Amino acid sequence: MKRILVFSLIVFIGFSCRKESSSFLWEKSFGPGNAYFISSSPDSGIVACGQVSGNPFLLKLSKEKIAAVEYTSERDGLFNRAWYDTSVFIACGSSNGDMLLAAISKSGNKLWDTTISAGFNIDFTRLCYSGSGSFIAVGTANTDPSSSAATGLLFLQFDTTGKILRRKDVTSTGFISAGDPAIDASGNIYIPVTRNNTGIKPKASVLKYNVDLNQLWVTDIYNNTSFSSSANGAISDEAGNIYVCGLTEVSGSSG
């Protein structure tokens, strides 16, 4: 029986007016598929993206939770990250194993889209804004380290017009998968990754690249060889600190 997953947004919102808290639940569905990203927008609305009926999908809801923008790509694939300002949405994801980048107008019309091939299968594209109208995209395989397929990382710097400013291909002798990156005030990029070589359990690491996309260092976050771990996301603060989140195994009473 074909499994159907419904693309839905579920938001719990706490509201207080006289130091008395109350909450409510609302849900909206937009078709069979998956939601991969959701964020609040400056006008108190919501921006989300994912996949609906096998196609990349982007949605903007107003603060009244009314659909203001709905965009469905004609390509196969998905959007898993989005960026937006008052004039444009930048969405990224994958299509048939390639990196997918797109720009959508605030009225929901496609401005441009493009796919970029790498020497490995791209399942997701991580995205961060690097300032002055440019972005860093990182194409990566999914986070399943049991895969035996070749993996790597594809770095692209591009602008809102779709112009590719810089490209860097990173090959890997073992499995590697990237989480959401962070950029510091100097433009350095921190990529949380999960790495795995044959016979070794997956481990969480962080890669640091400079503004020219040259690797500066790599460090393991959790390297106990008895336990698996992964790094899924990173953020930076104004003091230059980098925070990384992920998963790890722990010992229990049953071993």
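Being a predicted model, the structure only gives us computed values, none of them experimental.

### Considerations on the pattern of salt bridges
A side chain of one charge can pair with a side chain of the opposite charge when the charged atoms of the two come close. One pass over the full model with this rule turns up nine salt bridges. Measuring nitrogen to oxygen at the nearest pair gives 2.9 Å for the salt bridge that ties R167 to D169. We note a salt bridge from K201 to E249, for which the minimum N-O separation is 3.6 Å. With K201 in the loop between β16 (189-196) and β17 (203-209) and E249 in the segment after β20 (242-248), this residue pair connects regions lying 48 residues apart in the sequence. Judged by relative accessible area, E249 falls into the partly exposed class, the value being 37%. Look at the salt bridges and you will find they share partners, linking R75, K110 and D113 into a network.

### Re the layout of surface pockets
If you add up the space inside the largest pocket, you get close to 240 Å³. Along the wall of the largest pocket there are 17 residues; nearest its centre are S172, F175, I176, R195 and N197. Among the elements of the structure, β13 (164-171), β14 (175-178), β16, β17 and β18 (215-222) are those that each provide at least two residues to the lining of the largest pocket. At three residues, the largest contribution of residues to the lining of the largest pocket is made by β17. Residue composition of the lining of the largest pocket, by class: seven nonpolar, seven polar and three charged. Approximately 170 Å³ is the volume attributed to the second largest pocket. Lining the second largest pocket, in full, are S41, P42, D43, K60, Y84, D85, T86, F89 and K106. Grouping the amino acids of the lining of the second largest pocket by side-chain chemistry returns three nonpolar, two polar and four charged.

About the cut-offs
Going along each chain's sequence as written, the residues are numbered from 1 onward. Selection of residues for local features in this predicted model requires a pLDDT of at least 70, selection of side-chain atom pairs for listing and counting requires 80 or more, and totals for whole chains, interfaces and linings are taken over all residues. For the side-chain quantities, the full set of heavy atoms in the structure was used; hydrogens and water were omitted. Think of a salt bridge as a Lys or Arg side-chain nitrogen and an Asp or Glu carboxyl oxygen that are within 4 Å of each other. Only runs of H or I of at least four residues qualify as helices and only runs of E of at least two qualify as strands under DSSP, and these elements are numbered from the N terminus. Under the scheme applied here, a residue whose accessible area is under 20% of the maximum for its type counts as buried, over 50% as exposed, and between as partly exposed, the area being computed with a 1.4 Å probe on protein chains only. As defined here, a cavity is a set of points on a 1 Å grid over the protein atoms alone where a 1.4 Å probe fits but cannot get out. A pocket is an open set with protein on both sides within 12 Å along at least five of seven lines, and residues line them when an atom is within 4 Å of a point. Grid points are joined across faces, edges and corners, and a volume is the space filled by probe spheres set on the points. Just so you know the grouping, Ala, Val, Leu, Ile, Met, Phe, Trp, Tyr, Cys and Pro go in nonpolar, Asp, Glu, Lys and Arg go in charged, and all remaining residues, Gly too, go in polar.

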